[in-house]
Amino acid sequence: MKSKLIILSLLLSMIYACTPTQGSPDVVAPVWSPKVDQPSELAVIMRAIHQEGIERKASLEKGMLSTANSSLIFNMITAQPTEPHMVGPAFEPHAQGFIYSYSEIASATSVPAQIEAHNNLVKSCVACHMNFCQGPISRIEKLYIH
Ligand code: HEC
């Protein structure tokens, strides 16, 4: 009985993390999740960088440079995922690419340069997600600044 519950909660958390959430708003709203199921370390980092991306987009669209100084991103490589299969050998190179793109945002000194760096970062989010976690891709693509 207990193991069934664990399997069920794992399934639920996978459904939340890696399947598309149709019609979900742009903002990462708190979504119902069972009490027994805490988001994984990696999912917590993802929610934070997603939120940061939403805020950076809003700021750049107003013509304002934004800071990019999250230290969370460096934990991405070692963070525990919800399920072991969510990361794999190709994960670390993607994470390194992501960290590089992030540093380009931090060093951009003009709004157009930061927009370009921001869009490159979003590309690197999507690239990793194609391999490991397709669900949120449509939400991530909303971060592009056109
Ligand atoms: C190196 C690979 C990689 C990169 C880069 C990456 N992600 Fe993720 N992302 C994942 C994996 C794997 C998961 C599943 C995590 C889990 O459930 O433990 C995930 C989960 C998520 C989730 C769902 C979290 C939840 O609530 O459960 C969102 C949203 C997300 N990522 C957004 C982003 C955004 C936005 C970026 C870029 C700013 C990004 N990701 C970059 C691999 C990556």
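See the structure shown above.
Residues numbered from 1 in each chain as written. Predicted model: local features only at pLDDT ≥ 70, side-chain atom pairs only at ≥ 80, totals over all residues.

J.: Any chance you could break down the overall build of the protein chain for me, citing the residues and the numbers?
T.: When helices and strands are counted, the protein chain shows five helices and zero strands. In the protein chain, the succession of helices and strands from N to C terminus is α-α-α-α-α. For the protein chain, buried positions account for 21% of its 146 residues. Sequence separation of at least 24 residues holds for 67% of the intrachain contacts in the protein chain that already meet a minimum separation of 6. (Helix = DSSP H or I, 4+ residues; strand = E, 2+ residues; numbered from the N terminus. Buried ≥ 20, exposed ≤ 12 C-beta atoms within 10 Å, placed from the backbone. Contact = placed C-beta atoms within 7 Å.)

J.: Let's hear about the environment of Y102: which residues, and what values?
T.: Along the chain, Y102 falls in helix 3 (residues 91-107). Taking the number of C-beta atoms within 10 Å as the measure of exposure, Y102 has 22 and is therefore buried. Taking the C-alpha atoms as reference, Y102 lies 6.3 Å from L121; in sequence the two are 19 residues apart. Excluding residues that lie within four positions of it along the chain, Y102 makes contacts with A68, I73 and L121.

J.: How would you sum up the nonpolar core? Please name residues and give values.
T.: Counting residues in hydrophobic clusters, the biggest one holds 15 residues, and the most contacted among them are Y102, I105, L121 and C125. Elements with a contribution of two residues or more to this core: helix 2 (41-61), helix 3 and helix 4 (111-132). (Core = buried A, V, L, I, M, F, W, Y, C linked by C-beta atoms within 7 Å.)

J.: Mind laying out the packing of helix 2 against helix 4, listing which residues take part and the relevant values?
T.: At a closest axis distance of 11 Å, the pairing of helix 2 and helix 4 adopts a crossing angle of 150 degrees. Relative to helix 4, helix 2 is oriented roughly antiparallel. Regarding helix 2 and helix 4, the two cross each other, and that crossing is left-handed. In this structure, helix 2 uses G53, R56, K57 and L60 to contact helix 4, whose residues at the interface are V111, Q114, I115, H118 and V122. In the contact of helix 2 with helix 4, the residues fall into four nonpolar, three polar and two charged. (Axes fitted to C-alpha atoms, helices over the stretch in contact; angles between N-to-C directions. Parallel < 35°, antiparallel > 145°, perpendicular 65-115°, else oblique. Left-handed = near helix turned anticlockwise from the far one by under 90°. Nonpolar A, V, L, I, M, F, W, Y, C, P; charged D, E, K, R; others polar.)

J.: Please provide a residue-by-residue account of the packing of helix 3 against helix 4, values included.
T.: Running from amino to carboxyl end, helix 3 crosses helix 4 at an angle of 170 degrees, the nearest separation of the two axes being 8 Å. In terms of orientation, helix 3 and helix 4 fall into the roughly antiparallel class. The hand of the helix 3/helix 4 crossing is left-handed. Together, F91, H94, G97, F98, S101, Y102, E104 and I105 of helix 3 and Q114, A117, H118, N120, L121, S124, C125, A127, C128, N131 and F132 of helix 4 make up the contact between the two elements.

The values reported here are purely geometric and, on their own, carry no functional implication.
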